[in-house]
Structure formats: structure tokens, C-alpha cells
Amino acid sequence: MRPSRRSAVAPRSTSSGGTGGGRSAGRGGDEGEDDKDKAAPGSPGCGWSGGGGLSGNVPPRLLSRGLCCAGLLILLQNLLLLRWGSLALQGCTLVSEVAPFAELPPPSGQGAFLRGVVADTVKSPSAAASTSSLVVGGALHARGASSPVSAAKASAAAAPRKPGARRSKKGHGRNGPPAKKRTSAPATTRKATLAPTPEPERRPSLDLVPAGSAAATGPMTPLSSLNDIPREKLRIFGSEVPSTVKYSIGFGSVKRKKDYILETVGTMLGLSGDMSKSILTAQEREMVVLVAHLSDFDMDWVRSVSNKLRTDYADLVSSGRFHVVHAPQEMYPLLEVCPPLCTYKDEPLRVKWRSKQNLDYAFLMHYSAPLAPYYLQIEDDLGFANNWVTKMDNYVKSHYPPTWRSKDNVPWRLIDFSQLGFIGKMFQADELSRMAQYLVLFYDQMPCDLLLSDWMQSMNQRKRIDYWRKQPSLFQHVGIFRTLGGFQPLQERKFGKLLFDNPQGQVGGNMTIVPTYEGKFAYFPGGEPQRRNDVCDFTKSPAHHKQKTHRCWFWGKEVHAGDHFQLTFAAPTGIPLKGVFLEQGHPKHEKDLFVKAEVQVAGPGCKNFFHLAPIEGSQTMIYWEEGVSNPPKLPVPKVKCLRIIALVDQEDWVAIQQVQVRTS
């Protein structure tokens, strides 16, 4: 076996002697000579005690030197034998690792097809990171072209081995019986750089299995690679994509209090909404295909939402411009990895949530890879800029055409059209399967946005391409109800218009406040500024200790029933309130919450106030949205005053960090 072939698969082991052992033996011999030269005349060398019949007429000094040399030769011989044995063992390992994947029986058990890929990676993440650029990059090109990397080579690269790993006595590896040994290629075929070699024999593409056949409708067999998952098994509905499509737009959706996906599909394509005509034109719609992954394990919800989408957007479905997929629960590996694997000090529920999210994205990308030349990752709860497809397309064509290369002669891997999380991230489809497999390999290690940055670096894109730094962002996050539970008023400040626009108004009320901690720190007309460095009495709270920038808040004390914090809007007849978000308490003052209170609204005159949302217990975030919360409609046509009123006396103070109001 040639050393170059072996070193490409497993690193050279230095633990079994070889060159290092030779150097060590040489040094030992020199030291022996030094000791011998320093000995007194007539004294034996190498520790020989002298005397006895063994020496005969041979001088003891010469005899001891001969015995030392003989011992040294025996030691070198043993080291060479150990080295040759190590090379032979590694040669057998190479044949096993590069054998076609089809010759190995697939692992069994629920979720084994993904656990087989990630098991070694969890044990040795450094080894997996070094081979990340080789991990199953066999994304099918647009229009069904063959993968540039065979599944056999990719599977071998995706399963790193520890140096010097040994097999069992029966010759079986971790993944089952040994693979059949391949014979050496003739010398005339080894010069791969001079003449192209034929593609190794592959199994038939699973995507070509017709719907309704035994292979397509039978039980799911756990596999070891995303490339071995037939896309037909993921598809709920969808037909052949038209040739005019240039971008596949992928997003996932799970069950939550508001199913944003039902509105987002129509909004992004300009088919519904108040500004639908300016969002997207008919020509722009011909350039995209939508792929939605309904990734919740509640099958009743999946059926309900998919049926509604199929009905509401029947024209898109029939034309091949809308696909909906779902990955069955048995395809997922173990998600309850925390404890013991609780990275970033996250709670077990959050580790499970972000681990599943990585896999949701991986299945979505795997399905979308062959549909279009480019892939854009978004979410199901977004607002869109006018003509966002044209703006995106013009930017790619003018700045990063297919022939573009960096100074390192590397094509671009990722273009970022939004500064938020995993929103607005564009990939070239021929590298999309690498990204998907990367998410699978480290699904339980890191959140997806951190994995994305690492993948980009490993693919030799050293500098981010941020569209939003010089142009307004194309997407605005509008979903407040989190998939993990609770609320998240995340806003894209580069979009132009904030979701919470905070109409003009005055802050008032009758609460006794901590000096300098006024209501102006809780409500900012026009929206909270992007950069804040507030000024208040920093000595009142440990939250300000050793801080370079400061954020103050509204702080009330000696709270009694009837005390309230109030906003009075400047519009004479009031505002069309669509939503209000309140955050109370503080990490340094966890008890400073309302014991029992409620959000109330009143029309012009601000005399009669009506209940809008309750505040009880340890709630730190309170949100009301028209059409979703209870009550679903405002008790008044327009809101002139909004207040937060205490219903009982309490000993603890009250901290209000922010009040956000939206009118659209």
C-alpha cells in the first residue's frame, strides 16, 4: 500500500516506534559510549559485572561492548517489525474505509441513519471538522445532473477514525462485517490525472422510484446519509419545477399559537395583503419555487396545514412552484442529549429545540438542492420588501456571477441578505448538500447560526458578504410567538420600517418612582433607538456596575392597588392598535414584578378603561395581538390611552424595561 494513499485516510501514527524509536535508540547508544569512555581502565562497560567462564580469553571490555551491540541490533529489529505490522494494519483499514458504501449493511434501530453519521463526530469533533469539506457533498445539480462526489467516498470521509483504532478479533468494524477487499488497479489506470477514470458503480437513484411502488410506500429504512434518503419519502405534495425557476425559497414551520405560514406564503409572492401588488410581480414569481417543511411531530397539525395550503394555493402547486415536505419522526436521531451534553449552558429544553432545528433545516436543504441553481433560507414569519426577488437577483448577477472567484480562487459560499439569525441566507445549490450534512454532523453541538459561520470558514470564504450593510434588508421578522414558547419581539432594524412603530405619545401615571428611573426609558416614540447609553442614578442598581454602556428602565416603588403606568397617544382620535408588548422585571432585580395587574385601553377622553391582557405570577413578557390573543378584538374602535394598572398592594418594587406598540 502506498503511503500517500494511506495518509489521505488516516493520520500517520507515531506511537509504534518507527523513526522516533530509531532516534531514541541512537541517543541511548551515544550515552552508552560516553559512560564507557569515562569508566576506569579495566572496568566493564554497559553494566557488565565481568568474571565467569563466558569471557574465556576475550577481554571483559571487548565482550561487554559486543553484547551491547547485539542487544541494540535486537531492539532495532523489534522496532522494525512493529512498524511493518502497523503499516499492514493501516493498509487493511484503508481498504475497508474506501470500499463502496453499498457493500456495508445499513445500521438498524430508530434514527440510526443519522446517528451513524454523527457518532464518531461526537467522540472526535476535531477529526470531523478537518474533513468537513468532504462530507457528503453529493448535491444533485439543477435539472437532475449527477453528484460530483460519490456517496461512497463521502461516507468514508464523514466517518473519521481515531489513529491506531483496532478491529475486533473477528475482523468486524464498528459498522458490521468487513467490506470486500478491492483488488489493486493496473498500473496503467493509476495515473488519474492523465486520463479520466469511470465513475464507480452506484446504486440506482432513489429519487427515481415512482410514487406508489413498494420502495416508496414501504416502511422507512434507517440510512446513514442524507443522500440516501429518497426525496419522495419527504414530499407531501409538489410537481416538476418549471425551467424558469432560478431560486428555491426554503422555510420550516411548526405548530404554535399563530400559524404564520398561512399568511406568509401569500405575502411573499404578492398574492395577498394590503401591498400585494408592489411586493412581487408575475414575472418575479416565475423565478422562484417555494419549499415548506412542516416539521412538527403532530401529524394532525401537519395534515391540516398541508391541506389548507394545497387548497389555498392550488395554482402554485399544479405549476410546480410550491412544494411541501415533512420528515417523519423516525428519521430523527436522539434529541434528548442534555444532560449530559448541555453545550453553551443551555437548558435541556432549549438544547432539544435547537438540535431538532438543525435537523429540520438539513432535511429541507436536502430536498431543495436539485430544484434550482440557488437556495435562499428564510423563516415562516417574515415581512418582505417590495420587489425583493428582483433586488436579490440584480445583486447576485452584478456582484457575484457564477464565474466570480475570491483572491484565493474560491467561489462565494454564502450571501447574507439579513442580519438576523438564519434568515435571508443564500447558498449555491451545488454546495447545499454539504451544508445539510454539516448540520447533521453537529446537530447536537451548536445552534444553526454558529454552525453556519463555521461551515463558511471551512469552505474557504473568509469574509462575509453582507448585502444589508449597504442596502436596506429585504426581510422583516414579524413573528412574536416563539416556537420554543413565549415571545420574541425581534426586529430587523435595517429593513426600514420597524414592526413596533411606537406612535407619538406621552408617558405618565401616578406611581411613585425611584429618582431618575423615569418612564421615558420604557417607551420610545418612533421605536427604540439602535444604540442606547442612558443616564440615570447608577448607584441605585448593581446592574450598572462595570458597564461601559447603560440601559435604564422605569422603576416604581411603594406599589398600591390602582397605581398605574400610562401612555397617552398624540393622535386626537386614537390609534388602530394591532399589538402591544410589555417586558417587566430585570435580571438583577428578579422580584420587581407586578403581583397582579392588567393591561387596559380606553378611547378618546380616556375615561372608561377596558381589559386587554392580564398580568399574573412571574410573567416577565406579556403580549397581545389582534386576531390571535384573547380578546381577539379591541374593546374600543381606536385607542387613545393604554395603561398598566396594579390590582393589589405589594411590597416589591416594579421594573418595566420596555413597552412596544404596533399599529400595522
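The structure contained in this document is the topic of the report that follows.

What counts as what
Residues numbered from 1 in each chain as written. Predicted model: local features only at pLDDT ≥ 70, side-chain atom pairs only at ≥ 80, totals over all residues. Heavy atoms only, no water. Salt bridge = Lys/Arg side-chain N within 4 Å of Asp/Glu carboxyl O. Helix = DSSP H or I, 4+ residues; strand = E, 2+ residues; numbered from the N terminus. Buried < 20%, exposed > 50% of the residue type's maximum accessible area, 1.4 Å probe, protein only. Core = buried A, V, L, I, M, F, W, Y, C linked by side-chain atoms within 4.5 Å. Contact = heavy atoms within 4.5 Å. Phe/Tyr/Trp six-rings, centres within 6.5 Å; stacked < 30°, edge-to-face > 60°. Axes fitted to C-alpha atoms, helices over the stretch in contact; angles between N-to-C directions. Parallel < 35°, antiparallel > 145°, perpendicular 65-115°, else oblique. Left-handed = near helix turned anticlockwise from the far one by under 90°. Nonpolar A, V, L, I, M, F, W, Y, C, P; charged D, E, K, R; others polar. Pairing = 2+ DSSP bridges. Disulfide = S-S within 2.5 Å. Polar contact = N/O pair within 3.5 Å; in protein donor to acceptor, adjacent residues only side chain to side chain.

**A closer look at the pattern of salt bridges**
Oppositely charged side chains can pair when the atoms bearing their charge come close. Overall, the coordinates contain 26 salt bridges when judged by the stated rule. When the shortest N-O distance is used, the salt bridge between K255 and D298 registers 3.2 Å. Taken as a pair, K255 in the loop between strand 2 (247–253) and helix 9 (261–268) and D298 in the loop between strand 3 (288–294) and helix 12 (299–312) lie far apart in primary sequence, 43 residues in all. Given a relative accessible area of 45%, K255 falls into the partly exposed group. A relative accessible area of 24% places D298 in the partly exposed class. Linking E528 and R532 is a salt bridge whose minimum nitrogen-to-oxygen distance equals 3.0 Å. Overlapping salt bridges, with partners in common, bring together D416, K425, R464, D466 and R469 in one network.

**Details of the nonpolar core**
By size, the foremost hydrophobic cluster in this structure holds 46 residues, and its most contacted members are F322, W388, F417, M426 and F475. Apart from the residues within four sequence positions on either side, M426 is in contact with Y247, Y374, Y375, L376, M392, V396, W412, R413, L414, I415 and F417. Formed by 45 residues, the second largest nonpolar core is a distinct cluster that contains L234, M331, M365 and Y438.

**A few points about the packing of aromatic side chains**
Going through the model one piece at a time under the given rule, you end up with 23 aromatic pairs. Each ring, one from F297 and one from Y332, has its centre 5.1 Å from the other, and the planes form 80 degrees; the classification is edge-to-face. Placement of F297 in the loop between strand 3 and helix 12 and of Y332 in the loop between strand 4 (322–325) and helix 14 (348–368) is noted, with a sequence separation of 35 residues between them. F297 sits in the partly exposed class, given a relative accessible area of 26%.

**Quick word on the packing of helix 14 against helix 16 (residues 432–441)**
Look at helix 14 against helix 16: their axes get within 8 Å of each other, and the N-to-C directions meet at 160 degrees. Put simply, helix 14 runs roughly antiparallel to helix 16. Regarding helix 14 and helix 16, the two cross each other, and that crossing is left-handed. Residues N358, L359, Y361, A362, M365, H366 and S368 of helix 14 pack against L432, M435, A436, L439 and V440 of helix 16. In terms of residue class, the contact of helix 14 with helix 16 is built from nine nonpolar, three polar and no charged.

**Topic: the sheet that holds strand 17 (residues 621–625)**
The strand order across the open sheet formed by five strands is 11-12-19-14-17, and the pairing between neighbours is antiparallel. Either end of the sheet is taken by a strand with one partner, and the two such strands are strand 11 (512–513) and strand 17. As paired strands, strand 11 and strand 12 (residues 554–557) are joined by two bridges and run antiparallel to one another. Residue pairing in the sheet places I513 in a bridge with G556 of strand 12.

**Some words on the pairing of strand 17**
Of all five residues making up strand 17, four are buried, and the element is well covered by its neighbours. Where strand 14 (residues 579–584) meets strand 17, five bridges bridge the pair, whose relative direction is antiparallel. Bridging from a neighbouring strand, E583 pairs with M621 of strand 17.

**Some words on the state of the cysteines**
Summed over all chains, the structure comprises three disulfides. Covalently, C536 is tied to C552 through a disulfide, its sulfur atoms 2.1 Å apart. Because the torsion about its S-S bond is -85 degrees, the bridge between C536 and C552 counts as left-handed. Placement of C536 in the loop between strand 11 and strand 12 and of C552 in the loop between strand 11 and strand 12 is noted, with a sequence separation of 16 residues between them. The exposure class of C536 is buried, given its relative accessible area of 10%. A disulfide bridge connects C606 with C641, and the sulfur atoms are separated by 1.7 Å. When the S-S torsion is 80 degrees, as for the bridge of C606 with C641, the disulfide is right-handed. Here C606 is found in the loop between strand 15 (596–602) and strand 16 (609–616), whereas its partner C641 is found in strand 18 (residues 641–646), with 35 residues between them in sequence.

**Concerning the side chain of R256**
Relative to the helices and strands, R256 resides in the loop between strand 2 and helix 9. A relative accessible area of 14% places R256 in the buried class. For R256, the side chain forms a polar contact with the side chain of D381, separated by 3.2 Å.

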